[in-house]
Every structure is written in C-alpha cells, then in structure tokens.
Amino acid sequence: MNEHDPGEVSLQACNVTFDWTRTPLHWMPTEPIASHTVSALNLLLPEGERWFCTTYTEALPLIADAKLREDVLGFIGQESMHAETHNVVLYDYLDAHGVDPRPFAAHAEYLMRKVLGPRPAMSAKGQNQQLVERIALIGAIEHMTAFLGDYALNSQWDSFGGDANMVDLYRWHGAEEVEHRNVAHDVALYFGVGYFRRNFSMLVAFLGFIVLMLRGTKYIVEQDPTTKNRGYVSLWFAWMSAMRRGSLPSLAQMTKGVARYLKPSYSPENEGSTAQAVAYLAKSPAARAALP
C-alpha cells in the first residue's frame, strides 16, 4: 500500500439524482455514434443490475464468511442504485428525445429474468448449479465493468465537449465499479468457480456484450432523425473510427482487458485505482449533492 491508497473501503450506496432536461441526444456534439453507443448502456444496465441483485440476494444465505457478506450487501446496495438511476435515463433522457426505450428494455427484461434468471422448477441440486453459473457470469461481467469504469474515470469525453451531467453519471458509476471490483471475483471463488468455468464465462460475457451493444447502438441510431441510418457493418466501422479518436475504448484495450482476466494469476486489484475512485466520488457533483 502506498501513501495514496485508502486501503479497504466500506461499500456505500449513494442516492444520486440527475437533471436531464438540458442534456442533448448527442451529448458529445462532434461524436454522435460514440454518444449513442454509451447511451445504449442504459438499455441494458437497469435489468442487468437488477439481475446482479437478484442473484446475490439468492446467494447471500449460503455465505458464512462475515466480511464477504458485508461486501455483498454493499455491492447489492450500490448496484440497486445504479439500476434505478439508469432506469430514469431511459425515460427522462432517451424517451424525451424521441427514442422509445420500451421494446429494447422488454428484450433486456426477458434475457435477464427468463433466460438468465432463477429456475425454481429445477431440482435443488440443479438450482444450486445454475446459481453458480450465474455467479461465474457475474464475475466475468464485473471484470468488464471495472475496466469500463476505469476507462470512464480517465476518458477524454470532456475534450469532445461531453455534457457535464452525462460524464458525471458514467464517472460516478464507474468509480463505484472500481471501488467494488473485488466482490464478484471473491464471491465466485467462494462458490468454487474454477479457472475453466471462469474463462468460459468471460468469453460468453464478452461476446454477448459486444453483440448487445451493437444492437443497442443501432436501435438508438435508427430513431435519431439527424443521424444516418447504418447497417451493422457500417456501424462497426463507425465504432472503429470513434475508437481511433478516443471517444470510445479501443478494441485493443478491451481485448487486453479480457486477456488479463484469462491469466491464472488474475486479480481484480490490477483493474483501476481505489484511490482514484474514492477521490472522484468525493468530488462528483451528483454524489456531493446526495450527501445529507
């Protein structure tokens, strides 16, 4: 630990609110595709975060370790707040700008609640196995959210004229992802997720994330009358251009992030900085406004 490292922190949910009335649809004015790509996260995050909470609430009675239980409770609190905050963005921001989020949000709900949700009709052994599979998948996804959180904290969005509210939303969320980046990995280890299952879950999570983000971006682009409608191939090349300019994380950065997870020596500690995350949460306009 160096002099700037705060050490272990207590995970606390922050009841933030944002006013979206002045945020334009192209919240990075010169980067409409990058704006829509990041905004597409809102189509997935509310149901995804609720799925995390449902899974960990189911797992909590099976965790005897007091410290891990405390971390899981903090994680659930933070992720629950993320879900509700991004859910507001769907309607106060996207819907208000003429992008109807409901059909895509319904697909996300089906994926998270039916395809990936609990299976009460299974035998007790089958339910336990399926719970562990979900825990393994969450471990992989949380590695990606820690990577993306670190990216948001260090992004160049301000230099692209990024809307202050939108930038704060993703940096606040990203800081909390970095802050609790150890929890999902610790839970996976506690439930016996081994090296092969961990890595298979990452491959599924990464490919699924790319596909869903591509679909989500196209969904918003199609409803934006000021943006040229694009097929998937054209949109992919638009992504590559935005990545080269730095308004999105590059494919090389993401691939390297995934590769770090595949190493036998992987540790979440190497993803981002707790000190930077805590420092941002201390100065985030939304987080400061939420203080009593």
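Look above for the structure.
What you see as residue numbers is a count from 1 along each chain, following the sequence as written. Predicted model: local features are reported for residues with pLDDT of at least 70 only, side-chain atom pairs are reported and counted for 80 or more only, and whole-chain, interface and lining totals are derived from all residues. The basis for every side-chain value is the complete set of heavy atoms in the structure, and neither hydrogens nor water enter the calculation.

Let us look at empty space enclosed by the protein. Detection works on a 1 Å grid of protein atoms alone, calling trapped sets that fit a 1.4 Å probe cavities and calling open sets with protein on both sides within 12 Å along at least five of seven lines pockets, with lining residues defined by an atom within 4 Å of a point. Grid points are joined across faces, edges and corners, and a volume is the space filled by probe spheres set on the points. This model, assessed by the stated rule, comprises 1 cavity of 30 Å³ or more. When its volume is computed, the largest cavity comes out at roughly 60 Å³. In this structure, the largest cavity is lined by His 143, Met 144, Phe 147, Leu 148, Phe 206, Phe 209, Met 254, Gly 257 and Val 258. Numbering of helices and strands runs from the N terminus, with a helix taken as a DSSP run of H or I at least four residues long and a strand as a DSSP run of E at least two residues long. Mapped by element, the contributors of at least two residues to the lining of the largest cavity are helix 4 (124–153), helix 7 (195–222) and helix 9 (251–262). Partitioning the lining of the largest cavity into residue classes produces 7 nonpolar, 2 polar and no charged. Residues are grouped as follows: nonpolar covers Ala, Val, Leu, Ile, Met, Phe, Trp, Tyr, Cys and Pro; charged covers Asp, Glu, Lys and Arg; every other residue, Gly included, is treated as polar.

By definition here, a salt bridge exists when the distance from a side-chain nitrogen of Lys or Arg to a carboxyl oxygen of Asp or Glu is within 4 Å. Going through the model one piece at a time under the given rule, you end up with 15 salt bridges. Notably, a salt bridge pairs Arg 245 with Glu 31, separated by 2.6 Å at the nearest N-O pair. Placement of Arg 245 in helix 8 (residues 232–245) and of Glu 31 in the segment before helix 1 (32–59) is noted, with a sequence separation of 214 residues between them. The cut-offs for exposure are 20% and 50% of the maximum accessible area for each residue type, with area from a 1.4 Å probe on protein chains only; residues under the lower value are buried, those over the upper are exposed, and the others partly exposed. By relative accessible area, which is 4% here, Glu 31 ends up buried. Across the pair Asp 158 and Arg 171 runs a salt bridge, and its minimum N-O distance is 2.7 Å. One end of the pair, Asp 158, is in the loop between helix 4 and helix 5 (164–179); the other, Arg 171, is in helix 5, with 13 residues separating them in the sequence.

Structurally, Tyr 151 is set in helix 4. A sequence separation of 19 residues divides Tyr 151 from Tyr 170, and the C-alpha atoms of the two residues are 9.8 Å apart.

Space inside the largest pocket adds up to approximately 830 Å³. Leu 41, Thr 145, Leu 148, Phe 209 and Met 213 are, among the 37 residues lining the largest pocket, the residues nearest its centre. The element best represented in the lining of the largest pocket is helix 1, accounting for 9 residues.

Glancing now at a nonpolar patch on the surface. Exposure above 30% relative accessible area and the absence of a salt bridge qualify a residue for a patch, where like charges join within 9 Å and nonpolar side chains (Val, Leu, Ile, Met, Phe, Trp, Tyr) within 5 Å. Under the convention used here, a 1.4 Å probe and the Shrake-Rupley method define accessible areas, while residue burial counts only the protein chains that appear. Residues Phe 196, Phe 200 and Val 204 make up a contiguous nonpolar surface patch of about 360 Å² in total accessible area. In this structure, Val 204 sits in helix 7. Its relative accessible area of 42% is what places Val 204 among the partly exposed residues.

Each axis is a line fitted through C-alpha atoms, and for a helix only the stretch in contact is used; angles between axes span 0 to 180 degrees, taken between their N-to-C directions. The geometry of helix 1 relative to helix 5 is characterised by a closest axis approach of 13 Å and an angle of 45° between their N-to-C directions. Put simply, helix 1 runs oblique to helix 5. Crossing handedness for the pair helix 1 and helix 5: left-handed. In contact with Val 38, Ser 39, Leu 41, Asn 42, Leu 45 and Glu 49 of helix 1, helix 5 contributes Leu 169, Tyr 170, His 173 and Glu 177. Roughly parallel means an angle under 35 degrees; roughly antiparallel means over 145; roughly perpendicular covers 65 to 115; every other angle is labelled oblique. Note on convention: near helix rotated counterclockwise from far helix by under a right angle means a left-handed crossing. Clockwise means right-handed. What makes two residues a contact is simply this: any of their non-hydrogen atoms within 4.5 Å.

What follows covers the state of the cysteines. A pair of sulfur atoms, both from cysteines and within 2.5 Å, is called a disulfide here. For the structure on display, the rule yields 0 disulfides. Not engaged in a disulfide, the cysteine Cys 14 finds its nearest cysteine sulfur in Cys 53; these two sulfurs lie 16 Å apart. The class for Cys 53 is buried, based on a relative accessible area of 11%.

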